[in-house]
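As a plain string of letters, each chain reads:
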Amino acid sequence: MTTAEAIKQIQFNLGKLDGVKTKLELSEKDLQQVIGNSLRELTTKMDTPAIVMVPFASVIDLTPYKIAEIVFIMRSQAPAGVSMGAGLDPFYMSAIGGITTPGTANTHTILQTQAQYAIRAMAQNTVQTELQYMTDLYAKKLYVSYAGVQPQGLTIVYKPVLETVEDLPSDHWTTILLQLATAHSKIVLGNLRSKYSVTNSPVQINGSELVSQGKEELAKVYEQLKDSNLFFNLN
């Protein structure tokens, strides 16, 4: 969805229909501002991480990436001398009969696989403790220190900066953005309408009701974000 399409959808959500005209509405420029504010808010709440792999360096330039916060970094390949083979836990797989049956000729093979898996797990744990980094978001730099043999690359997991509707990674987050922006628009529009009164007219403008409705919808979106969050801990 584009920003222009999002504006049209929010206008529809606010009840702006062709043939219904009033000066007490939000302009497209106003709605673009609301969308921008909602995107900045969503940047801090979105639990879908972005991932980029970069060559190892002691100083990594982050300018090409829109990074709001680095969650963690890790080496991009397994420790030297350790097989990349088993992606699944062989202890679990053997327990459910996925690799071998106890007492068969394959028992020795599974024991070797389990031992290698344990060694790899310990090595990876050591790798992570030896990998230290510091982020300077002002200078757009990532400083990396590694005590062991330097890996060929690093995987950076981060929260992205959301600047436009097109930056959203899926329709799910586009829907969340529209809900946020619509709720904020109702609050802004309700406050605007509360400043005016219409006399000698069969139509009454109820700004306070619109503000209450917007706040209620906003609370529901926040609760939805808390309940659906799996990757980050939202407070």
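My aim in this report is to walk through the structure given alongside it, one point at a time.

Calculation criteria
- Residues numbered from 1 in each chain as written.
- Predicted model: local features only at pLDDT ≥ 70, side-chain atom pairs only at ≥ 80, totals over all residues.
- Heavy atoms only, no water.
- Helix = DSSP H or I, 4+ residues; strand = E, 2+ residues; numbered from the N terminus.
- Contact = heavy atoms within 4.5 Å.
- Areas by Shrake-Rupley, 256 points an atom, 1.4 Å probe, with all protein chains shown as cover.
- Axes fitted to C-alpha atoms, helices over the stretch in contact; angles between N-to-C directions.
- Parallel < 35°, antiparallel > 145°, perpendicular 65-115°, else oblique.
- Left-handed = near helix turned anticlockwise from the far one by under 90°.
- Nonpolar A, V, L, I, M, F, W, Y, C, P; charged D, E, K, R; others polar.
- Buried < 20%, exposed > 50% of the residue type's maximum accessible area, 1.4 Å probe, protein only.
- Arc of directions from axis to C-beta.
- Pairing = 2+ DSSP bridges.
- Core = buried A, V, L, I, M, F, W, Y, C linked by side-chain atoms within 4.5 Å.

1. Some words on the overall build of the protein chain
For step 1, the next point in the chain: When helices and strands are tallied, the protein chain shows six helices and six strands.
For step 2, the next point in the chain: Its helices and strands taken in sequence order, the protein chain reads α-α-β-β-β-α-α-β-β-β-α-α from the N to the C terminus.
For step 3, the next point in the chain: Considering only contacts within the protein chain whose residues lie at least 6 apart along the sequence, 78% involve residues at least 24 apart.
For step 4, the next point in the chain: Element-wise, carbon and sulfur atoms account for 55% of the exposed surface of the protein chain, whose accessible area totals about 14400 Å².

2. Focus: the packing of helix H2 (residues 28-45) against helix H5 (residues 171-194)
For step 1, the next point in the chain: Put simply, H2 and H5 touch, their axes get as near as 9 Å, and they point 125° apart. Taken together, the axes of H2 and H5 are oblique relative to one another. For the pair H2 and H5, the sense of crossing is right-handed. Listed contacts from H5 to Leu31, Val34, Ile35, Ser38, Leu39, Glu41 and Leu42 of H2 are Trp173, Ile176, Leu177, Leu180, Ala181, His184 and Ser185.
For step 2, the next point in the chain: Partitioning the contact of H2 with H5 into residue classes produces ten nonpolar, three polar and one charged.

3. Some thoughts on helix H1 (residues 3-13)
For step 1, the next point in the chain: For H1, the complete set of buried residues consists of Thr3, Ala6, Ile7, Ile10 and Gln11. Mapping the buried residues of H1 onto a view down its axis gives an arc of 140°, with all of them on the same face. Exposed and facing more than 90 degrees away from the buried side of H1 are Ala4 and Phe12.
For step 2, the next point in the chain: Turning to H1, the residues buried within the fold contact H2 and H5.

4. A short note on the sheet that holds strand E3 (residues 67-75)
For step 1, the next point in the chain: With antiparallel pairing, the three strands of this open sheet are ordered in space as E1-E6-E3. Pairing within the sheet leaves two strands with one partner each, and these edge strands are strand E1 (50-55) and E3. Between one strand axis and the next, the sheet turns through 30° on average, direction left out of account.
For step 2, the next point in the chain: Where E3 lies against strand E6 (residues 153-160), seven bridges are found, and the strand directions are antiparallel. The residue bridging Ile73 from the neighbouring strand is Ile156, located in E6.

5. Looking at the sheet that holds strand E4 (residues 131-136)
Two modes of strand pairing occur in sheets, parallel and antiparallel, and in both the strands are linked by backbone hydrogen bonds.
For step 1, the next point in the chain: The sheet built from three strands is open, its strands ordered E2-E5-E4 with antiparallel pairing. Looking along the sheet, the strands with just one partner apiece sit at the ends: strand E2 (59-61) and E4. The average angle at which neighbouring strand axes cross in this sheet is 20°, direction not considered.
For step 2, the next point in the chain: Pairing of E2 with strand E5 (residues 141-146) involves three bridges; the strand directions are antiparallel. By the bridge assignment, Ile60 is partnered in E5 with Leu142.

6. Quick word on the pairing of E1
For step 1, the next point in the chain: By the alternation rule, side chains of E1 split into Ala50, Val52 and Val54, which are all buried, and Ile51, Met53 and Pro55, of which none is buried.
For step 2, the next point in the chain: In this structure, E1 lies alongside E6, joined through six bridges in antiparallel fashion. Bridging across to E6, Pro55 finds its partner in Gly153.

7. Quick notes on the nonpolar core
For step 1, the next point in the chain: The biggest cluster of nonpolar side chains holds 26 residues, and the ones touching the most others in it are Ile35, Leu42, Leu168, Trp173 and Leu177.
For step 2, the next point in the chain: Elements that contribute at least two residues to this core include exactly H1, H2, H5 and helix H6 (207-228).
For step 3, the next point in the chain: Of the residues forming this core, the biggest block, nine residues, is contributed by H5.
For step 4, the next point in the chain: Apart from residues no more than four positions distant in its own chain, Leu177 is found in contact with Ile35, Ser38, Leu39, Leu42, Val165 and Leu168.

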